[in-house]
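# Architecture at a glance
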Amino acid sequence: MKKLFGEINLTWKRLIIFAVIAGVYTALITLMPSLKYTSFNTIAVTFEVWIFFGIIIIMNSKSNIDAALKCFVFFLISQPLVYLIQDIVNHSNLFMTYYGYWFMWTIATIPMGFVGYYMKKDKWWGYVILFIGILMVAEEYGTYFSKFMFSYPHYILISLFCAGTMIIYPLYIFNNKKIRITGVVISTIIIIAVTVLCIINPPIYSTDILVSGEKNQFDNTYKVYLKDSKYGNVKITYNEKIDSYLVHADFKKEGKTYMILESSDGNKVKYDLDIKRDTYKINKK
């Protein structure tokens with residue numbers, strides 16, 4: 001592990017190959033629908049893996065300028081590839097739609113790489129620089145641990161990756177024993193705190209899943225419930241803006257179940273439900 005953080009001969013040729021592999025891999029992952037709600041897809045959505053790549057590049061650079069330029073070139077190659085490959089395969093326009101945002105982050109890697117190089121000086125202010133990255137990873141850890149709670153066992157790998165790198169960074173970037181111990185202790189406290197907060201405030205996916213109309217007629221005299229309450233709660237509400245009754249759901253867990261809509265005279269209509277973290281499918285049986 002120590003070799004990864006400072007003992008690699010990171011030539012420009014290796015950097016470019018690394019950038020191409022990272023970009024192509026990320027694009028291919030996004031093209032696999034079966035991986036959409038898994039740990040593998042997160043590389044195309046959030047920062048934690050790219051922070052890992054950036055730190056590897058910085059720690060194996062030879063100077064501030066070298067780190068800044070190599071970070072910039074790595075992201076300048078890898079990020080466009082992610083979108084361009086998807087555009088070619090799906091005949092989409094993701095590059096023009098989304099790359100502008102990521103290009104701003106690519107520009108930001110120049111000062112980030114330049115300043116990040118000071119982590120190699122093995123000083124306390126080097127840890128302060130690293131701590132900014134650790135806080136960013138901690139935020140992603142909270143997001144994915146929450147998703148893991150909702151979508152078990154999905155997102156367990158990325159949750160472990162985030163927590164693990166928060167410990168690994170101070171442990172292997174610095175040689176100063178006091179900085180290493182302090183860094184590990186701080187990261188551990190952050191991980192525990194975020195985990196407890198996620199457990200105290202479990203994730204809930206709130207949405208309206210059914211509207212009363214020609215196909216689904218109901219009102220406030222109906223009862224509605226899920227076959228298995230572990231997936232959450234449903235209730236009938238009224239929306240004045242559209243002058244209609246709705247079935248509102250507060251989902252607590254990913255999975256498949258069915259919902260029962262029961263009239264006052266005992267007639268029941270069943271709906272299959274396929275619940276995901278931020279989406280769902282509902283079909284009348």
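Below or above, wherever it landed, is the structure these notes cover. (Residues numbered from 1 in each chain as written. Predicted model: local features only at pLDDT ≥ 70, side-chain atom pairs only at ≥ 80, totals over all residues. Heavy atoms only, no water.)

### Here we look at unusual backbone geometry
At the junction of Y152 and P153, the peptide bond is cis and its omega measures out at 0 degrees in the coordinates. With respect to the element layout, P153 can be found in the loop between α5 (124-151) and α6 (156-173). Residues other than glycine seldom take positive phi values, yet Y155 does so here, at roughly 75 degrees. One can find Y155 in the loop between α5 and α6. By relative accessible area, which is 5% here, Y155 ends up buried. Unusually for a residue other than glycine, D243 sits at a positive phi of about 50 degrees. (Helix = DSSP H or I, 4+ residues; strand = E, 2+ residues; numbered from the N terminus. Buried < 20%, exposed > 50% of the residue type's maximum accessible area, 1.4 Å probe, protein only.)

### Focus: the side chain of Q79
Within the secondary structure layout, Q79 lies in helix α3 (residues 64-90). Those residues in contact with Q79, other than ones at most four positions away along the chain, are W50, Y99, W102 and T106. (Contact = heavy atoms within 4.5 Å.)

### Some words on the packing of aromatic side chains
Under the criterion given, the structure shown has 24 aromatic pairs. Ring centres of Y238 and Y245 lie 5.1 Å apart, and the angle between their planes is 55 degrees; on these two criteria the pair is classed as tilted. Residue Y245 is classed as partly exposed on the basis of its relative accessible area, which comes to 23%. Put simply, the rings of F5, F18, W50, F52, F53, F74, F75, F161 and Y169 touch in pairs and so form one group of aromatic residues. (Phe/Tyr/Trp six-rings, centres within 6.5 Å; stacked < 30°, edge-to-face > 60°.)

### Describing the environment of V82
In this fold, V82 is placed in helix α3. Accessibility expressed as a relative area gives 6% for V82, which makes it buried. As a C-alpha pair, V82 and G23 span 59 residues in sequence and 5.1 Å in three-dimensional space. In contact with V82, not counting residues within four places along its chain, are G23, T26 and A27.

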